[in-house]
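Each chain, letter by letter, is given below.
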Amino acid sequence: MLVDRMRPHTSTIFAEMSALAVRTGAINLGQGFPDTDGPPSLLSDAAANIQGGINQYPPGIGIPELRSAVAEHQRRFYGLEVDPDAVLVTTGATEAIASAVLAFCEPGDEVVTFQPYYDSYAATIALAGAELRAVALRPPSFGFDPDELRAAFSARTRLVLVNTPHNPTGAVFDREQLTLIGELAAEHDAVIVTDEVYEHMTYDGRPHVPMATLPGLAERTLTISSVGKTFSVTGWKVGWVHGPGELVSAVRAVKQFLTYVSGAPFQPAIAAALALPDSFYTGLAADLQRKRDLLSDGLREAGFTVFDTGGTYFVVTDVTALGFSDGAEFCWSLPERIGVAAVPVSVFCADPDLGRSLVRFAFCKRDEVLTEAVSRLAALRSAVQA
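Residues numbered from 1 in each chain as written. Predicted model: local features only at pLDDT ≥ 70, side-chain atom pairs only at ≥ 80, totals over all residues. Heavy atoms only, no water.

Colleague: How should I be thinking about the sheet that holds strand β13 (residues 358–362) in this particular structure?
Modeller: Across a sheet, paired strands are connected by hydrogen bonds in the backbone, their directions being either parallel or antiparallel. The strand order across the open sheet formed by four strands is β9-β10-β13-β12, and the pairing between neighbours is antiparallel. The sheet terminates laterally at β9 (305–306) and β12 (343–344), the two strands that pair on one side only. Relative to strand β10 (residues 314–318), β9 runs antiparallel, the two sharing two bridges. Residue pairing for β10: Val 306 is matched across the bridge by Thr 317. (Pairing = 2+ DSSP bridges. Helix = DSSP H or I, 4+ residues; strand = E, 2+ residues; numbered from the N terminus.)

Structure, rendered in structure tokens:
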């Protein structure tokens with residue numbers, strides 16, 4: 001029998017909606033993965049590494065070339081001085097987050113995070129036997145109430161889990177918001193874990209601000225990112241975490257008994273790709289911003305209320321104007337109704353009423369796929385009006 005604390009986490013909405021999309025032949029705008037491959041140099045390097053025999057266990061902490069490349073990336077983009085020996089390579093950001101939560105949290109400890117949240121957060125906190133304290137992000141801006149954030153902290157707060165740019169809302173936390181989070185974490189002597197996998201996907205001139213760059217926070221912050229989103233290779237599952245040596249060592253103590261290592265032929269290829277010119281990174285953001293606009297405009301035309309997306313792969317909408325009150329019910333019917341799959345935001349909330357009528361669409365797809373999806377969504381409005 002499954003332990004009680006994990007019973008709410010027996011499946012993920014991504015697997016369920018992707019399976020429904022396959023079964024119905026729907027366009028899958030639910031799960032956030034691109035439908036194009038990453039940079040040709042990255043792919044050819046990985047293939048050459050496989051053919052060249054780089055297929056056995058890499059070092060437990062990751063190959064030196066990748067750890068140095070991550071450190072250089074942080075210096076190049078954010079001015080952070082990172083010791084390569086304080087970089088730990090993980091099986092995606094998901095494992096890095098899980099390892100951190102398991103390393104620092106005991107039963108009865110509390111983890112402060114923001115809801116809606118990526119679904120692995122709640123499951124990982126449950127694995128540790130800790131308690132989730134979720135602070136609401138509400139439309140239209142998906143900012144948080146400072147008083148609600150303060151109230152979420154207590155003497156039992158052990159860890160603060162921050163995701164910016166934020167999945168699923170697309171919010172990008174600004175310096176003022178992050179400073180308040182950091183001040184409260186310091187006041188309660190909590191470790192800060194930041195999930196920054198969408199760091200290169202911010203739009204309309206918004207900057208990504210790593211929490212480790214703010215005064216006094218580097219000493220308590222573990223910074224997590226990965227290759228999957230930036231380089232469109234989500235199936236490779238290679239990520240990393242860096243921070244103070246003693247914190248990274250604690251994460252490594254857990255991580256080594258989860259997967260031990262992974263991605264041997266991918267690691268040197270990723271090390272080289274991180275050094276791609278600025279034009280790659282700016283081009284990535286510009287292309288995704290254009291796709292965001294394509295889908296957002298189509299959703300508005302179809303009758304959705306569409307909220308501003310500052311970053312990530314995702315647009316969040318409200319389906320109330322279309323005559324629906326339940327986003328989950330809407331999403332389960334949408335593939336058969338018009339042949340498009342999306343995900344309900346309520347499944348990312350400790351309080352499902354918070355996102356009851358909200359639905360998330362992914363725009364990290366080819367233009368022709370988005371155009372066809374928009375065409376199908378237009379038919380939805382016609383059906384509702386009829």
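Colleague: Where do I start with the packing of helix α4 (residues 92–104) against helix α8 (residues 245–255) in this structure?
Modeller: Two quantities define a packed helix pair, namely the angle between the axes and the distance from one axis to the other. Look at α4 against α8: their axes get within 8 Å of each other, and the N-to-C directions meet at 105°. Classed by the angle they form, the pair α4 and α8 counts as roughly perpendicular. Residues Glu 95, Ala 96, Ser 99, Ala 100, Leu 102, Ala 103 and Phe 104 of α4 lie in contact with α8, whose contacting residues are Leu 247, Ala 250, Val 251, Val 254 and Lys 255. Of the residues contributing to the contact of α4 with α8, the split by class is nine nonpolar, one polar and two charged. (Axes fitted to C-alpha atoms, helices over the stretch in contact; angles between N-to-C directions. Parallel < 35°, antiparallel > 145°, perpendicular 65-115°, else oblique. Contact = heavy atoms within 4.5 Å. Nonpolar A, V, L, I, M, F, W, Y, C, P; charged D, E, K, R; others polar.)

Colleague: Help me understand the sheet that holds strand β7 (residues 221–226), please; the structure alone is not making it clear to me.
Modeller: Sheet architecture is open: seven strands sit in the order β2-β8-β7-β6-β5-β3-β4, paired in mixed fashion. The open sheet has two free edges, formed respectively by β2 (87–90) and β4 (131–136), since each of these has just one partner strand. Taken over all neighbouring pairs, the strand axes of this sheet differ in orientation by 20° on average, direction set aside. In the sheet, β2 pairs with strand β8 (residues 239–242) via four bridges, with the strands oriented antiparallel.

Colleague: Looking at this structure, I do not really get the pattern of salt bridges. What am I missing?
Modeller: Between side chains of opposite charge, a pair can form as their charged atoms come close. A complete count under the given rule lists 23 salt bridges for this structure. With a shortest N-O distance of 3.5 Å, Asp 189 and Arg 220 are connected by a salt bridge. On the criterion of sequence distance, the pair formed by Asp 189 in the loop between α7 (175–187) and β6 (191–195) and Arg 220 in the loop between β6 and β7 is long-range, its members being 31 residues apart. The class for Arg 220 is buried, based on a relative accessible area of 13%. Ionic pairing is found between Asp 353 and Arg 356, a salt bridge with its closest N-O pair at 2.6 Å. In this structure Arg 356 comes out as partly exposed when scored by relative accessible area, which is 33%. Via salt bridges that share partners, Asp 204, Arg 206, Arg 292, Asp 293 and Asp 308 belong to a single interconnected network. (Salt bridge = Lys/Arg side-chain N within 4 Å of Asp/Glu carboxyl O. Buried < 20%, exposed > 50% of the residue type's maximum accessible area, 1.4 Å probe, protein only.)

Colleague: Quick question: what am I supposed to make of the nonpolar core here?
Modeller: Grouped burial of nonpolar side chains is what soluble globular proteins tend to show. Within the largest apolar cluster, 67 residues are counted, with the highest numbers of intra-cluster contacts made by Leu 222, Phe 304, Phe 330 and Phe 361. Formed by 31 residues, the second largest nonpolar core is a distinct cluster that contains Leu 149, Ile 181, Ala 185 and Ile 192. (Core = buried A, V, L, I, M, F, W, Y, C linked by side-chain atoms within 4.5 Å.)

Colleague: Please clarify how the packing of α4 against helix α5 (residues 119–127) should be interpreted in this entry.
Modeller: One can describe the packing of α4 onto α5 by two numbers: an axis separation of 9 Å at closest approach and a directional angle of 35°. As for the relative orientation of α4 and α5, their crossing is right-handed in sense. From α4, Thr 94, Ile 97, Ala 98, Val 101 and Leu 102 reach across to α5, where they touch Ser 120, Tyr 121, Thr 124, Ile 125 and Leu 127. Class assignment of the residues belonging to the contact of α4 with α5 gives a composition of seven nonpolar, three polar and no charged. (Left-handed = near helix turned anticlockwise from the far one by under 90°.)

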